[in-house]
Structures are given as structure tokens and as C-alpha cells.
Amino acid sequence: MSTPGRQRAVFGCVSVAALLAVYTLLSNVNQLFGAEALPGPLARVLRPDLLPPTQDIFKALMSLVTGRLPGAEGHDAHVGDHVGHLLEQQVTLQGALLQSILRVLVGVAVGAPLGILLGFAMGWSRKLDDYVHPVYILLRSIPPLALITYVMLWLGHSEAHLLVPIVYAVSVTVVIPAYHGVRDIAELYVRAARSLGAGGWLLFSRVILPAAGPSVLSALRYSLIIAWMTTVGVEMLMGDNGIGHLIVGGGLWSSRLQVGVDPAVVIVAILGLATAGCLMDAAARIVTDRLTFWVRRRRAW
Amino acid sequence: MVAALRSVRLRRGLLGLLTLAALYGMTAQIASGRLPTTVYMAPHDIEGVELLPTYPSLAEEAVFLVRSGILQSSIAVSAGRVLAGLLLGSAVGITLGIGMGWAARLEYALEPWVVLLRFTPALALLPLYVLWFGLGEPSKVGLIATAVAIITLQGTHLGVRGIPHVYLDAAAAMAAPRLLVLRHVVLPAALPQILASVRISVALAWVTVVVAELIKPTMPSLGYLVALAGAYPRVPTIVVALAAMAALVLVSDGLMLGAYRWGTRWMRTQHG
């Protein structure tokens, strides 16, 4: 039993180490041997401004975490480049990530109840489902990020304006699992409860919620990732802070993309994004497992 | 009985949509004289903005966009990018997914990278792609393909891993060569999951294209149409473009649903 597990760990570590080594080598070729040593097309690709050397990525990581350039106290040698620009605005990696996570949490906290409520209502009443389902499908088809320009006209350039697409994306995502969770409850359960005189809150809390709970909770976990994606997109487009802003350093609108994005910063941000996303998902999984464990135990009776 | 139920559902669904449409029209008419027409954008106020366009102005705008050919060419260009990204991304994702489900060592080796990419929004790769592939078509299609590949890889991997071992054992007992097993056991059994993941990724591809089209924007594209209309701002154009996008998402989702039904029809015939 432990052999596949160990093999998995070994292969994973070897693969990470190998790619890291190959990348370090490739990205440093230019500095080690000089550009003339390489054949033309290769030299054009292996440039440090395209493939930042590993140590540069590490340096960018350190200066974005600590909030200052290493060894450049006093004189601002690099102000004007991506890292310097960010540091000037006092942006740090953890600060930006925290800001984005906050947006995700607000998006889920506001959007999920809305979506779950709609899903429950649609799953409970066939009549309502008939009327509302086509409208829901129509609304669901609008890409959340495309909404952002229109929302800005209503709300102005504000925090609420950034949050609307996130809330929208989350609530649209959780509707269907909540809907199926309620609709697919064995009718027997509901009838049995009804014939014993249960109704209203009792029926909801003792029959419907435990039965629909697992699918709603897994939907919540999934919606966390959706919110994460939408948040980064929103911040890249119009954010003044957060990790998406850190990546593009000031919004796609100002077309700074064409001026100077430091790939090292982008790679650092991607690593931060993956770590934070992974942690959020792990936390959601632990909470979900706890809750469904309780539900499952009750259902097994 | 079933037909009657269907017609009832159809009627109610239409009624729901029509109610929404009528409510919107009424609200827009009532609001047209009352909503503020001045919007503050970045450095200054902009006047003459129709926040909630009425049906006449929407129709006028739609007619203009269609007459001038902007809408059609935008739809064609954006849909082409989505399609190219979808084909490229799902080819890579499905191949890698099958490989990962098939060969345990490949799975172990790729696992850390899949986890890394899974929690990384594909949009974050945009600046890197611009650096690597330039401002043109490759970085746009590549971004969509990446988003698609991550989703389809996971779906395919799950689908292949979820095949009951009995099937593989039975095939092995009859000394089926690996390629035959792949073609006649693995692929059909994993197909539902694969198609489901492609269906999810289609929706994601449309989200991605909206942002991807903002890099070195060239006019015939839906993403830039929305952005440009937002910069003026011209709300009727935004609404028409959003409606076109929603329609395209709906159509492509319907097509994928059809493909899913077609791909899984053997499951239903089995059950009778």
C-alpha cells in the first residue's frame, strides 16, 4: 500500500526538481556562455527578459514579500520597472493575495445564498421551475467578466463594481447543484415526513437540508474556484489592488501590457495564486468533509 | 401525457421569458426620462448615457451593427478563436488525461504541475503569453487553449481512472492488445466524463476570450466591442454585444449537450 504512495511522491519530486533544473539551466545559458555562443534562433528565445532566470524569480519573490529591493537601500536603481513600480505603491505579494481572497470570500458569502435560494425554490416547486428555468439559463450564458463595463456605468469605479461580477459568477454556479439536491430527494422521504405531520421548517431542516446538503456543499467548494478565477480577471481588468492588479501592474485598459511586464513578477504571482487557491480549496474540503460526515452519519441510520 | 406535460412546460417557460422581456421594456420606458444621463468616468463626466436602453434604441443599434457588418464579423472572429482554442486545448488535455489515467508514472510525474495549473486562473498567464507569443493571434488562442486543456485534462483523467477494473481485467483475460483496449474499452467508458468536461470548458472559453481580446485589440471581436462600447460609453452596443455573447454561449452549450447525448447513447440502449 505504501509503495504506490512512495512512488507517487518520488516521481512528483523528481519531476519538479528536473523541470526546475532544466529551466534554471535554460534561463541561465545566456549569462553563462554569452549570446554569441548560441545559434541564432535559440539565442532569440533564451533571453532573460522572456525566460527570467530562476534566481531572478526568487529575487522578485523576496522583494515582493518583504516590500523592498534587496541590496538597493538608499538609491532607487530599479524604480520604473515592474517590481519597483509595485513597491512604490507599497504592494506586497501577501497583501495583494489577502485582498483578492477577501473579494472571493465576499463574493461567495453574498452570491452563494442567492444562488442556493433560487436553486432550492426551483427544485421544490415544479411550477416555479417551469417559469424561471429558461430565464436562469439565459442569464447564466452571459460571461461574468463581460458584465464589468456595464456595471461600471451604474456603480462607478468602486469596490462594489468589482464585486458584482464575482457575486454573479458564484450565484449562477451554485443554482444547479442546489436545484438537483432538492429535486432529486426521494419522494418517499418527503411523503413519509409529511404523513407523520412534518411540514414547514421541520421538513426543511430534517429532510431537505440533510439530503441536499452534500451537493450544495460540494457546489460551494467549486464556486470558490470560480470566484477565484473571476476575481483575478476582474482585478486584471479594472482593479486598483489585489493579485490581478499585481500581475498587470495597473489594468489592461492602460495597455501597460505593451510597456513593461516583468515575467518574473508574473511567475511569482502565479505561484502565489496557485498556493492561495490550493489552500482555500483544502480549507473548503476540510469543512465540507466535516459537515458531510455528520450528514452521512445521520442518513446511514 | 408526456407531450401534454412538455407543452405545459414550454408554455410556462415562454411565459417566464416574455414576462421578463415585458418587465424590462416597461422599466426602460419608465426610466428613460428619469435616470441620470451623466456618468462620471475616470477624469470627467460623460453626458448622454442611456443606462437602461429602451427597445427602440436597442433595435436601432442592433440594425446598425448588423447593417454595417460589425456584429457578424465580430461573432465570426470571436467564435473562430474560441473554436481554435477549444480544439487545440481539448486535443492536448484529452491526450494528456488519457495518458495520465493509463500510465501511473506519467500521472505521478505530471501531478504537481496539474495541481499548480488547476488553481491558477488561466487569465493570469496572459502577460506571459503576450511576452512569449506576441500580441497577435497565438497568445489569444493559446490562452483559451490553456483554460480548456486544464479542465479537459482533469475530466478525462477522472473518466479514465473511474473505469471499473473488471472491464480492463476482462479485456486482458481475452488477451486484447493495448491499443484495442484503449479504443474499445477505455475511450467509450471515459467518453461521458470527457464530453462533460469539454462542455464545462466551452463556457470557460467564452469567459476567457472576452479578456484575451483586450490585448492589442483589433476591431472585429466581441470582447473588444464590449470594451470599446464601455469606453465611450454606448450602452445599447454593450447590451447587443452581451446578448450576442449569451446567444453564442447558449448555442455552443446546446451543441455540446447534443454531443454528450450522442456520445452516451450506448448507455441508454443498454438500459433499454
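The notes below deal with the structure included here. Worth saying up front: this structure is predicted, and the values here are computed from it rather than measured.

### Here we look at the packing of aromatic side chains
Under the criterion given, the structure shown has seven aromatic pairs over all chains. With centroids separated by 5.2 Å and ring planes inclined at 65°, the aromatic side chains of B:Tyr129 and B:Phe133 adopt a geometry described as edge-to-face. Taken together, the residues B:Tyr129 and B:Phe133, both in helix H5 (residues 126-133) and four residues apart, mark about one turn of the helix. B:Phe133 gets classed as partly exposed once you look at its relative accessible area, which sits at 42%. Through a chain of ring-to-ring contacts, the aromatic side chains of A:Phe120, A:Trp201 and A:Phe204 assemble into a single cluster.

### A short note on the packing of helix H3 (residues 70-102) of chain B against helix H8 (residues 178-212) of chain B
All names here are of chain B. Running from N to C, H3 and H8 cross one another at 140°; their axes reach a closest spacing of 9 Å. On the basis of their axis angle, the class for H3 and H8 is oblique. Where H3 crosses over H8, the handedness of that crossing is right-handed. From H3, Ser78, Ala79, Arg81, Val82, Leu86, Ile94, Ile98 and Trp102 reach across to H8, where they touch Arg178, Val181, Leu182, Val186, Leu187, Ile194, Val198, Ser201, Val202, Ala205, Trp206 and Val209. In terms of residue class, the contact of H3 with H8 is built from 16 nonpolar, two polar and two charged.

### Observations regarding the interface of chain A and chain B
Residue-level contacts link 58 residues of chain A with 55 residues of chain B. Of the roughly 5,100 Å² buried where chain A meets chain B, counting both sides, 78% is carbon and sulfur surface. Applying the counting criterion to the chain A and chain B interface returns seven salt bridges. Here chain A and chain B share eight residue pairs in polar contact (both at pLDDT 80 or more) between them. Looking at the side of chain A that touches chain B, the elements that each hand over two or more residues are helix H1 (2-33), helix H6 (126-140), helix H7 (148-155), helix H10 (200-238), helix H11 (243-248) and helix H12 (263-300) of chain A.

### Concerning the nonpolar core
The biggest cluster of nonpolar side chains holds 74 residues, and the ones touching the most others in it are A:Leu64, A:Ile243 and A:Leu246. Counting residues per element, this core draws most heavily on H10(A), which supplies 14 residues. Other than its neighbours up to four places away in sequence, A:Leu64 contacts A:Leu86, A:Leu87, A:Val91, A:Thr92, A:Leu93, A:Gln94, A:Leu246, A:Val265 and A:Val268. In terms of nonpolar packing, the next biggest core, distinct from the first, is built from 56 residues, A:Met122, B:Val185, B:Ala190 and B:Val209 among them.

Each value, and the rule that gives it
Residues numbered from 1 in each chain as written. Chains lettered and ligands numbered in written order. Predicted model: local features only at pLDDT ≥ 70, side-chain atom pairs only at ≥ 80, totals over all residues. Heavy atoms only, no water. Phe/Tyr/Trp six-rings, centres within 6.5 Å; stacked < 30°, edge-to-face > 60°. Helix = DSSP H or I, 4+ residues; strand = E, 2+ residues; numbered from the N terminus. Buried < 20%, exposed > 50% of the residue type's maximum accessible area, 1.4 Å probe, protein only. Axes fitted to C-alpha atoms, helices over the stretch in contact; angles between N-to-C directions. Parallel < 35°, antiparallel > 145°, perpendicular 65-115°, else oblique. Left-handed = near helix turned anticlockwise from the far one by under 90°. Contact = heavy atoms within 4.5 Å. Nonpolar A, V, L, I, M, F, W, Y, C, P; charged D, E, K, R; others polar. Buried area = accessible area lost by both parts, 1.4 Å probe. Salt bridge = Lys/Arg side-chain N within 4 Å of Asp/Glu carboxyl O. Polar contact = N/O pair within 3.5 Å; in protein donor to acceptor, adjacent residues only side chain to side chain. Core = buried A, V, L, I, M, F, W, Y, C linked by side-chain atoms within 4.5 Å.

Bear in mind that shape data such as this cannot, by itself, settle questions of function.
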